[in-house]
Amino acid sequence: MSEQHIPVMLKQCIDMLDIHPTKTYVDATFGRGGHSKAILEQLTTGQLIVIDQDLAAIEAAQMLQAQYPNLIIVHDNYSNLKNILNDLNIECVAGILVDCGVSSVQLDEGERGFSYRFDAHLDMRMNQTQKLSAYEVVNTYTPSQLLHILYTYGEEKHAKMIVRGIMKAREIKPIETTFQLVDTIKASLPNKILKQVGHPAKQTFQAIRIEVNQELKHLEVFLTQATSSLCSQGTLVTLTFHSLEDRLVKQHFKTLATPPKTNKRLPSLDYSLDYSLKTSKAVIADEMELETNPRSKSAKLRAIQKL
Ligand SMILES: C[S@@+](CC[C@H](N)C(=O)[O-])C[C@H]1O[C@@H](n2cnc3c(N)ncnc32)[C@H](O)[C@@H]1O
């Protein structure tokens, strides 16, 4: 299986971070290090702290350490950023990058159970040491929990039919593998829907993955910790791939970088803000990247700077 993950909007991310060679940066989602390597190339005495909750990503990071001794590797969830920096005695950093979601490598590692293209145990855990896996979500969640997940995280229009199908299959025996789940989804939907473009299991798999890894909950905690961990003039750059992720980022940044609305009839108060937006609207990939890297299609880049 290939170990390929093409970093999304690499140049835009690096430009936005405006790297200073002697300062400290964080790549909160190392993956296969596409963004990290570009940051490391610009550092002299500066340091890069890389985080990933996936042990395979951590192994890939360790392979880089001989070449880049200023690389600090942490196996953890990025929602623990404050503790991670505390443990390293670092008060603030000059820049942080987060590239949300799964990597192409995780999707292509069939045995991880992320993809409907490969038959595997229903797993989908980014962190192999966590307990909750897709198996528990699919086989133990109530119909209303499953409906909520499919509607909100998957934006699956046919959620009711799919959940009904899952419940029916579960009555006979547990759904154990990705292909059993794909077959269950296909059996739940009429031919008319199955003939539509796109794989019928795509949205359901995305929804279950987001639930298994609690992706939105961790991102929300991370955003607060990351913005408060920036030194003055430090920048946080985010890459999101789902409308719910982008909404969390947009709202968080807006709260920090816009003055509160005041009553026009009252005298205006002097209000000084601690942050400023570096992107007034989300940046998207250019045409050349859209053609060469399918993962860039849904990507949105936003950045905020601490003043
Ligand atoms: C999209 S990939 C990052 C790719 C990377 N920028 C590159 O160029 O190779 C996302 C990575 O972040 C990790 N990840 C996702 N959510 C995480 C979280 N809450 N905490 C720590 N790592 C996370 C995943 O395991 C995955 O390896």
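Residues numbered from 1 in each chain as written. Predicted model: local features only at pLDDT ≥ 70, side-chain atom pairs only at ≥ 80, totals over all residues. Heavy atoms only, no water.

**Digging into the nonpolar core**
The biggest cluster of nonpolar side chains holds 57 residues, and the ones touching the most others in it are V26, I96, L181, F222 and L236. A domain split of this core shows at least three residues from each of domain 1 (10–101 + 215–306) and domain 2 (116–212). Other than its neighbours up to four places away in sequence, L236 contacts I96, F222, L223, A226, T227, L230, F253, R302, A303 and I304. Counting residues in each nonpolar core, the second largest holds 29 residues, with A38, L40, L97 and A285 among its members. (Core = buried A, V, L, I, M, F, W, Y, C linked by side-chain atoms within 4.5 Å. Buried < 20%, exposed > 50% of the residue type's maximum accessible area, 1.4 Å probe, protein only. Domains from an automatic or database assignment. Contact = heavy atoms within 4.5 Å.)

**Digging into the state of the cysteines**
Enumeration over the complete set of coordinates arrives at 1 disulfide. C92 shares a disulfide with C231; S-S distance 2.1 Å. A torsion of 100° about the S-S bond marks the disulfide between C92 and C231 as right-handed. Of this pair, C92 sits in the loop between helix 4 (81–87) and strand 4 (93–99) while C231 sits in strand 5 (residues 230–240), and the two are 139 residues apart along the sequence. The exposure class of C92 is partly exposed, given its relative accessible area of 30%. Note on C13: no disulfide assigned, nearest cysteine sulfur contributed by C100 at a separation of 11 Å. (Disulfide = S-S within 2.5 Å. Helix = DSSP H or I, 4+ residues; strand = E, 2+ residues; numbered from the N terminus.)

**Some points on the domain arrangement of the protein**
Domain parsing of the protein yields domain 1 (10–101 + 215–306) and domain 2 (116–212). The gap between the C-alpha centroids of domain 1 and domain 2 is 31 Å. The partner domain 2 presents 10 residues to the 11 residues of domain 1 that form the contact. Between domain 1 and domain 2, a total of about 940 Å² is buried, with carbon and sulfur atoms accounting for 50% of that surface. Joining domain 1 to domain 2, the criterion identifies 1 salt bridge. The closest approach of N and O atoms between R209 and E215, which form a salt bridge, is 2.8 Å. The interface formed by domain 1 and domain 2 includes 6 residue pairs in polar contact (both at pLDDT 80 or more). Classifying every residue of the side of domain 1 that touches domain 2 gives 4 nonpolar, 5 polar and 2 charged. (Buried area = accessible area lost by both parts, 1.4 Å probe. Salt bridge = Lys/Arg side-chain N within 4 Å of Asp/Glu carboxyl O. Polar contact = N/O pair within 3.5 Å; in protein donor to acceptor, adjacent residues only side chain to side chain. Nonpolar A, V, L, I, M, F, W, Y, C, P; charged D, E, K, R; others polar.)

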